[in-house]
Amino acid sequence: MNNAFTRKVKGVVTSREFILFGLLVAASLVVSIFQPVFLSSRNILSVIIAITVNGVIAIGMVMLLACGEMDLSVGMTMAFTGVVVAKLMVAGVPIFVAIIIALLVAAAIGFINGFFVAKVGLNAFITTLGMSCCIEGLMLVMANGRSVTGIPQLFKDLGQGKLLGIQYPIFVLIILVVIADLLFRNSRRLRQIYYVGSNAKAAKLNGINVSRTKLLVFVFTGLCAGFTGIMFAARLGSGSVTIGGGTALDVITACIIGGASLNGGKGSVLGAVLGALFLSVLSTALNLLSVNIYWQNFATGAILILAILIDILSEKRKAIGKRLL
């Protein structure tokens, strides 16, 4: 009994999520020494609202990475969905109907990506990069290169409204993360994603429909990006054509920092969102410390490389350990 409890405690303490949370607390305390405003309630809410975009998309992306794939079109899917929902509402379509249609469009984009990757066998990097370019072009044509304004105030309230002084998107993010993390950890069907990412051939031999699993995860990732686009359009009060450019890289970086691997078979929703929070804290801290914006981009890139390097070294160490056993 004690041994089981000890192993469980050790597993939690040594997990990537716990370590990352510890780093976040330590970094926040250090920054607050130089900038006390950093730990103010206003700044904390600002940091959290900043990750509502990457955080929601990361829920889908971490599952996709665990499946051994990636989606570079999530940023443009987000922007395109925001433009679609805005155009529909300006044309007089009821808000609820416009949201449903926009989500179906996002799901269709995910389905196309998944079909070409999982069914046809194309490379996910090239496929989703090409899809991103197609969506961006279609979006600019549809919006005539300009943001779509004139959307109803009721829709804006969904993204700008507050409850107990906290904006609605923060509550949405927390609810989605809790539900998705619990399901990803405990659902037998969702656990199959790890098996597919770890060894697709072995998963297939064990009766798992690999191509269907990947296809569904691509659709889910598209839905996450689409939902974020709708939420972001409500926050901005318009369908913007200028957002989403670097979103995919930021989300993938957050997922890898949180414990996901480009080789598949690893990752958690909580870890991915903590990774997004880490990047948001880093960006805010550097801004408060008046660090040049270009150095901030350098820091993000360096952290991504470091996270991948740590993942590779960890995999090699495990492989060596298995050979020694």
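Each remark here, short or long, concerns the structure printed above.
Residues numbered from 1 in each chain as written. Predicted model: local features only at pLDDT ≥ 70, side-chain atom pairs only at ≥ 80, totals over all residues. Heavy atoms only, no water.

Draft legend 1. The arrangement of the overall build of the chain in detail. Counting its regular elements, the chain contains 15 helices and two strands. The C-alpha atoms of the chain give a radius of gyration of 20 Å, which matches the 20 Å a tight globule of 325 residues would have. Each principal axis of the C-alpha atoms in the chain carries an extent, and together these give about 65 × 55 × 40 Å. A buried classification covers 46% of the 325 residues belonging to the chain. Intrachain contacts of the chain at a sequence separation of at least 6 include 78% that bridge at least 24 residues. (Helix = DSSP H or I, 4+ residues; strand = E, 2+ residues; numbered from the N terminus. Rg over C-alpha atoms; globule rule 2.2 N^0.38 Å. Buried < 20%, exposed > 50% of the residue type's maximum accessible area, 1.4 Å probe, protein only. Contact = heavy atoms within 4.5 Å.)

Draft legend 2. The packing of aromatic side chains, seen in detail. Tallying each qualifying case throughout the model produces three aromatic pairs. Each ring, one from Phe-111 and one from Phe-115, has its centre 6.5 Å from the other, and the planes form 20°; the classification is stacked. With Phe-111 and Phe-115 both in helix H6 (residues 95–120), this residue pair falls four residues apart, about one helical turn. We classify Phe-111 as partly exposed; its relative accessible area is 42%. Between Phe-115 and Phe-116, the aromatic rings sit 5.7 Å apart at their centres with planes inclined by 75°, giving edge-to-face as the arrangement. (Phe/Tyr/Trp six-rings, centres within 6.5 Å; stacked < 30°, edge-to-face > 60°.)

Draft legend 3. Highlighting the nonpolar core. Of all hydrophobic cores here, the largest spans 86 residues; its most connected members are Met-63, Val-85, Phe-155, Cys-255 and Val-269. With sequence-adjacent residues up to four places away left out, Met-63 is seen in contact with Ala-180, Phe-184, Ile-193, Val-217, Phe-220 and Val-269. (Core = buried A, V, L, I, M, F, W, Y, C linked by side-chain atoms within 4.5 Å.)

Draft legend 4. Representation of the environment of Gly-161 within the structure. Along the chain, Gly-161 falls in the loop between helix H8 (153–160) and strand S1 (162–163). For Gly-161, a relative accessible area of 15% translates into the label buried. Residues Gly-161 and Ala-234 lie 73 residues apart in sequence; the distance between their C-alpha atoms is 9.6 Å. If we skip the residues at most four places from it in the chain, Gly-161 touches Lys-156, Ile-166, Gln-167 and Tyr-168.

Draft legend 5. View of the packing of helix H5 (residues 74–90) against helix H12 (residues 210–236). It is at 7 Å that the axes of H5 and H12 come closest, and there the two elements cross at 50°. The angle between H5 and H12 places the two elements in the oblique class. The chirality of how H5 crosses H12 is right-handed. Counted together, Val-74, Thr-77, Met-78, Thr-81, Gly-82 and Val-85 of H5 and Thr-221, Gly-222, Ala-225, Gly-226, Thr-228, Gly-229, Ile-230 and Ala-233 of H12 form the full contact between these two elements. Across the contact of H5 with H12, the residue classes tally to six nonpolar, eight polar and no charged. (Axes fitted to C-alpha atoms, helices over the stretch in contact; angles between N-to-C directions. Parallel < 35°, antiparallel > 145°, perpendicular 65-115°, else oblique. Left-handed = near helix turned anticlockwise from the far one by under 90°. Nonpolar A, V, L, I, M, F, W, Y, C, P; charged D, E, K, R; others polar.)

Draft legend 6. Broad picture of helix H10 (residues 188–198). Of all the positions in H10, only Ile-193, Tyr-194, Val-196 and Gly-197 are classed as buried. Each buried residue of H10 lies within a common arc of 165° when the element is viewed along its axis, so the set occupies one face. Exposed residues pointing more than 90 degrees away from the buried face of H10 are listed as Arg-188, Arg-189 and Ser-198. (Arc of directions from axis to C-beta.)

Draft legend 7. Geometry of empty space enclosed by the protein. As enumerated under the stated definition, the model contains one cavity of 30 Å³ or more in all. By volume, the largest cavity amounts to about 30 Å³. Lining the largest cavity, in full, are Met-78, Ala-79, Gly-82, Gly-229, Phe-232, Ala-233, Leu-236, Ser-238, Gly-239, Ser-240 and Ile-243. The element best represented in the lining of the largest cavity is H12, accounting for four residues. (1 Å grid on protein atoms, 1.4 Å probe; cavity = no way out; pocket = protein on both sides within 12 Å on 5 of 7 lines; lining within 4 Å. Points joined across faces, edges and corners; volume = space filled by probe spheres on them.)

Draft legend 8. Highlighting unusual backbone geometry. Unlike most non-glycine residues, Asn-144 shows phi in positive territory, near 60°. For Asn-144, a relative accessible area of 54% puts it in the exposed group. Its identity is not glycine, yet Leu-164 carries a phi of approximately 60°, on the positive side. By the secondary structure assignment, Leu-164 is in the loop between S1 and strand S2 (166–167). The exposure class of Leu-164 is exposed, given its relative accessible area of 78%.

Draft legend 9. Looking closely at the pattern of salt bridges. Under the definition given, this model contains two salt bridges. Here Glu-69 makes a salt bridge to Lys-214, at a shortest N to O gap of 2.8 Å. Taken together, the positions of Glu-69 in the loop between helix H4 (52–66) and H5 and Lys-214 in helix H12 put the pair 145 residues apart, joining distant regions of the chain. Classification of Glu-69 as buried rests on a relative accessible area of 14%. For Lys-214, a relative accessible area of 16% translates into the label buried. One salt bridge connects Asp-181 with Arg-185, and the closest N-O pair in it is separated by 2.6 Å. With Asp-181 and Arg-185 both in helix H9 (residues 168–186) and four residues apart, the pair spans about one turn of that helix. (Salt bridge = Lys/Arg side-chain N within 4 Å of Asp/Glu carboxyl O.)

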